[in-house]
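# Structural overview for review
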Amino acid sequence: MYRFLLFLSAILLLSLCSCLTRNDVPPTAQQAPDKKEIFEHANKLSAAHNELQIEGYIRRNGLDSMRTDGRGMYYKVWGEPLGPLPKEGIQVAIAYTAELLDGTRCDEADTIAPLEIILGKRKQTVGLEELLLHVAPGQEAIGIVPPHLAYGVAGRGNEIPPNTSIVYHITWLRYTKQ
């Protein structure tokens, strides 16, 4: 009886081993995706998700005539310019509001206490500074800045969650130093 069970176990083991194919073998370290590929894929998915959210905001708010800068920022400028467009190195003062795509206001400055920025110094988000390069004194603008040009994966405290797009409404701009 013992020999019979041993013989049966051996046949069962051989039949199981013969059923395995190369695809049944767990991937080796070379076959498994590396961390870089995983992060690149995750970034692409995140960017696509953000793009869909921004496009939804544009549709819901009737902003179909917005331009894009090719990096994910959408903007629209209107009004009669009273001077040239600013350039990097120029100091400007702005009145603006910033809100999340759901309408939650997260930042603002008015004409009494404007935000002063030296363009190109990157003291503010890249997206805000790039938006201001399209707005001349006398004009107003709206800009939708994707997370990678705003506060990114870090967010900003409790006001701006990580991976959040920001909508800037620029209502006033003047040069303070040229």
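This text goes with the structure placed above it.
Report on the accompanying structure. (Residues numbered from 1 in each chain as written. Predicted model: local features only at pLDDT ≥ 70, side-chain atom pairs only at ≥ 80, totals over all residues. Heavy atoms only, no water.)

### Remarks on the packing of aromatic side chains
To keep things clear, this is the line we draw: Each Phe, Tyr or Trp ring, with Trp reduced to its six-membered ring, pairs with another whose centre is within 6.5 Å; inter-plane angles below 30 degrees give stacked pairs, above 60 give edge-to-face pairs, and intermediate values give tilted ones. Secondary structure elements follow DSSP: runs of H or I no shorter than four residues count as helices, runs of E no shorter than two count as strands, and numbering proceeds from the N terminus. In this scheme, a residue with accessible area under 20% of its type's maximum is buried, one over 50% is exposed, and one in between is partly exposed, where area comes from a 1.4 Å probe on protein chains only.
Going through the model one piece at a time under the given rule, you end up with 1 aromatic pair. With a centroid separation of 6.1 Å and 50° between ring planes, the pair formed by Tyr-96 and Tyr-168 is classed as tilted. Linking Tyr-96 in strand β3 (residues 91–100) with Tyr-168 in strand β7 (residues 166–177), this pair joins segments that are 72 residues apart in sequence. Each member of the pair, Tyr-96 as well as Tyr-168, is classed as buried.

### A few points about the layout of surface pockets
Our working definition: Here the term cavity refers to a set of points on a 1 Å grid, laid over the protein atoms alone, in which a 1.4 Å probe fits but cannot get out; the term pocket refers to an open set having protein on both sides within 12 Å along at least five of seven lines, with lining residues being those that place an atom within 4 Å of a point. Grid points are joined across faces, edges and corners, and a volume is the space filled by probe spheres set on the points. Charged residues are taken to be Asp, Glu, Lys and Arg, nonpolar residues to be Ala, Val, Leu, Ile, Met, Phe, Trp, Tyr, Cys and Pro, and polar residues to be all remaining types, Gly included.
Volume-wise, the largest pocket comes out at about 220 Å³. Lining the largest pocket are 14 residues, and of these Asn-43, Ser-46, Ala-47, Asn-50 and His-148 lie nearest its centre. Grouping the constituent residues of the lining of the largest pocket by class yields 5 nonpolar, 7 polar and 2 charged.

### Digging into the pairing of β3
For the record, the criterion: Here, a strand pair is defined by DSSP locating no fewer than two bridges between the strands.
Of all the 10 residues making up β3, 10 are buried; the element is thus mostly covered by neighbouring parts of the structure. Of the two faces of β3, the one carrying Gln-91, Ala-93, Ala-95, Thr-97 and Glu-99 and the one carrying Val-92, Ile-94, Tyr-96, Ala-98 and Leu-100 are both buried. In terms of strand pairing, β3 meets strand β5 (residues 115–118) through 4 bridges, oriented antiparallel. Of the residues in β5, the one forming a bridge with Gln-91 is Ile-118. As paired strands, β3 and β7 are joined by 10 bridges and run antiparallel to one another. Within the sheet, the bridge partner assigned to Tyr-96 lies in β7 and is Ile-170. Bridge analysis of β3 against strand β4 (residues 105–109) gives 4 bridges, and the strand direction is antiparallel. Note on β4: the bridge partner recorded for Tyr-96 is Ala-109.

By themselves, these figures tell us nothing about what the structure is for.
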